[in-house]
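Listed below, chain by chain, are the residues.
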There are 2 protein chains.
Amino acid sequence: MEKSTTALAHPNIAFIKFWGLKDETNRIPSNGSISMNIGCLSTKTTVTPDPNLEKDTLTLNGVSVRGAGLTRVRQFMDRLRQMAEGQSFVHIESENNFPIGAGVASSASGFAALALAGTSALGLELSERELSGLARFGSGSACRSIPGGFVEWVTEPHSGNTYAKSIAAADHWNLVDLIAILSEQHKPVGSEAGMREAASSPLQEARTRDAKRRLDLCRQAILNRDFEALAAVTELDSNMMHAVMMTSEPPLFYWHPHSLAIMKAVKEWQQEGLAVTYTLDAGPNVHVIATQAAMGQALSRLRQFPFVMDVLKGIPAGPARLIKGQS
Amino acid sequence: MEKSTTALAHPNIAFIKFWGLKDETNRIPSNGSISMNIGCLSTKTTVTPDPNLEKDTLTLNGVSVRGAGLTRVRQFMDRLRQMAEGQSFVHIESENNFPIGAGVASSASGFAALALAGTSALGLELSERELSGLARFGSGSACRSIPGGFVEWVTEPHSGNTYAKSIAAADHWNLVDLIAILSEQHKPVGSEAGMREAASSPLQEARTRDAKRRLDLCRQAILNRDFEALAAVTELDSNMMHAVMMTSEPPLFYWHPHSLAIMKAVKEWQQEGLAVTYTLDAGPNVHVIATQAAMGQALSRLRQFPFVMDVLKGIPAGPARLIKGQS
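A quick note: this is a predicted structure, and the numbers were derived from the prediction, not measured. (Residues numbered from 1 in each chain as written. Chains lettered and ligands numbered in written order. Predicted model: local features only at pLDDT ≥ 70, side-chain atom pairs only at ≥ 80, totals over all residues. Heavy atoms only, no water.)

Draft legend 1. View of the overall build of chain A. The helix and strand inventory of chain A stands at 9 helices and 16 strands. Looking at the 327 residues of chain A, the share that counts as buried comes to 61%. Considering only contacts in chain A between residues 6 or more positions apart, those separated by 24 or more positions represent 76%. Just so you have it, chain A exposes about 12,900 Å², and 49% of that area is on carbon and sulfur atoms. (Helix = DSSP H or I, 4+ residues; strand = E, 2+ residues; numbered from the N terminus. Buried < 20%, exposed > 50% of the residue type's maximum accessible area, 1.4 Å probe, protein only. Contact = heavy atoms within 4.5 Å. Areas by Shrake-Rupley, 256 points an atom, 1.4 Å probe, with all protein chains shown as cover.)

Draft legend 2. Looking closely at helix α9 (residues 292-304) of chain A. Taking 1.5 Å per residue, 13 residues should reach 18 Å; α9 of chain A reaches 19 Å between its end C-alpha atoms and fits that length. Tucked into the core, α9 of chain A has its buried residues touching β12 (176-181), α8 (257-271), β13 (276-279), β14 (286-290) and β15 (310-314) of chain A. (Expected span 1.5 Å × (residues − 1).)

Draft legend 3. Broad picture of the interface of chain A and chain B. In this complex, chain A contributes 24 residues to the contact, which on the side of chain B involves 24 residues. Interface area for chain A against chain B, summed over the two sides, is near 2,000 Å², with a carbon-plus-sulfur share of 77%. Connecting chain A to chain B are 6 residue pairs in polar contact (both at pLDDT 80 or more). It is α8 of chain A that contributes the most residues to the side of chain A that touches chain B, 6 residues altogether. Considered class by class, the residues forming the side of chain A that touches chain B number 15 nonpolar, 3 polar and 6 charged. (Buried area = accessible area lost by both parts, 1.4 Å probe. Polar contact = N/O pair within 3.5 Å; in protein donor to acceptor, adjacent residues only side chain to side chain. Nonpolar A, V, L, I, M, F, W, Y, C, P; charged D, E, K, R; others polar.)

Draft legend 4. Layout of the domain arrangement of chain A. Residues and elements named next belong to chain A. Splitting chain A by domain gives domain 1 (4-171) and domain 2 (173-314). Domain 1 puts 37 residues into the contact, and the matching count from domain 2 is 48 residues. Taken together, the two surfaces of domain 1 and domain 2 that pack against each other cover about 3,300 Å², and 67% of this comes from carbon and sulfur. The largest contributions to the domain 1 side of the interface with domain 2 come from F15, K17 and W19, which together make up 26% of the buried area. Linking domain 1 to domain 2 there are 5 salt bridges. Here E192 and R27 are joined by a salt bridge, their closest N and O atoms 2.9 Å apart. Counting across the domain 1 and domain 2 interface gives 12 residue pairs in polar contact (both at pLDDT 80 or more). When residues of the side of domain 1 that touches domain 2 are traced back to their parent elements, those giving at least two are β2 (12-16), β5 (33-37), β10 (150-155) and β11 (162-168). When residues in the side of domain 1 that touches domain 2 are grouped by element, the largest group, 5 residues, is from β2. (Domains from an automatic or database assignment. Salt bridge = Lys/Arg side-chain N within 4 Å of Asp/Glu carboxyl O.)

See the structure below:
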């Protein structure tokens, strides 16, 4: 057994969503996106090269993974091996401290941690930008879990280079992400499969064409710590992504009736003056973003819903990082 | 008291929705629409000219109406008086046999019945086309409650004339509209006010640009009695309208969590082979359209939801008609 490398990465919650690729081969997104890394939640991944292996192995939370999940990870490792000197197959052990497959982006933190641990284990030294660009081949939004804090995924217009970069550090704004867990079931259609349908919605083109405007509004709201502006554009963008999903062929409804109940409650709480907003990824869980001042109220109200199984609490977090070097 | 005239009209349920005007003054819709008149449900309106009146009066289900509702009806009657010889103000008595303001288009049947009874009471004789074009000034979708059966609201490209016409008679296809009533409360934002916001959605232009395609699909599905094709385009169009509503400024959510629960159940029933589809107007109630063969199953399943207060049953119905001439 060779020396192992361990990396940790956080999931992220997007205020402006990624949904659809305009170039599937090169994984260029249809529109830019902006997110916040979610601290307290993390994926820890250990990669151990083993010259005796004939293929990569994967355990997730201690359970051996086979099938499509394993294939996806092996293809990602093949890409790393093409770049590296070390050609060994590897053991991958990954642990999430949060439920997977239910709207918390486990594939984002998972592939961010794997990109970092995997390149390091194979002797590659990449810049943050290169690492971010690489992580997107595992899962698009994984590129946003590489830099720290508040992050924007950009595509350079001329070079086509696409990667995420920090637009503000984690300590720039002490927001809280209260994730109301409605279901720990795996979602019926995963994000990667779902977004292949995006172009079949008659609304997707309008959504992406309007993206620059929303990105500008969101970036400014973050830089100015303007919660009201952030709330307006975050909800609009979430609603627009789900509008595209629901009008795709076949239609995708990630919302659960209870998701809608929480969204409507959030709108009522706003009327009372509480600084809260909502956003939903490709799953039923509702991310209720709140200021520190509003957090206590929001948390206790969310817990009062009988159908809320749990509320996870995240704060803006730093970049993906090695937590145990090759020893 | 002068002689009175009574007309009856049915509400209609749109498979392809009207949402937004491209010319508010002339009330030209942003896109065409297709609907079915809903029999068993009706509005009966009696108009009685009275030379001693100084203003029109209105009772709705026996209750005297004042405020915005009365103003809207008076403005409509002013339009009729401008066209007519008789200049009397009138007593209007209107009765619905279904709950108003909760997603069943009471304004459609209401203004269709008023257009017919009102013009007749004032001595006007209009063609169906003229009557339909007139009714839209009361409420857009009222123009579709004038002709019988399956109806399309068209706008002539050169003249700009806009009116509804029958594309198939009521007995062409014996569909059933099972209206799951979730709430008899008035909706927070009425359709006329809500659709003034339509243009503020970044998705409305794409929705209207794609309308001809959906209209063609829907018209063909009706003419061919192709339920599967009707279901696909009906759900898509309903989802697209609600997508625009939810992304308007401010956002409008007419769906209730229970509406979404029924929509999801309908999708599951389809998987079992049941010929059902759903559509929602600007309100929480879900219209479950079914074939005669599927009706029994659909009805009993809808009634099993504890939150379904009632299920109204409608069948394709004829045109607006006078039920008591000037005697």
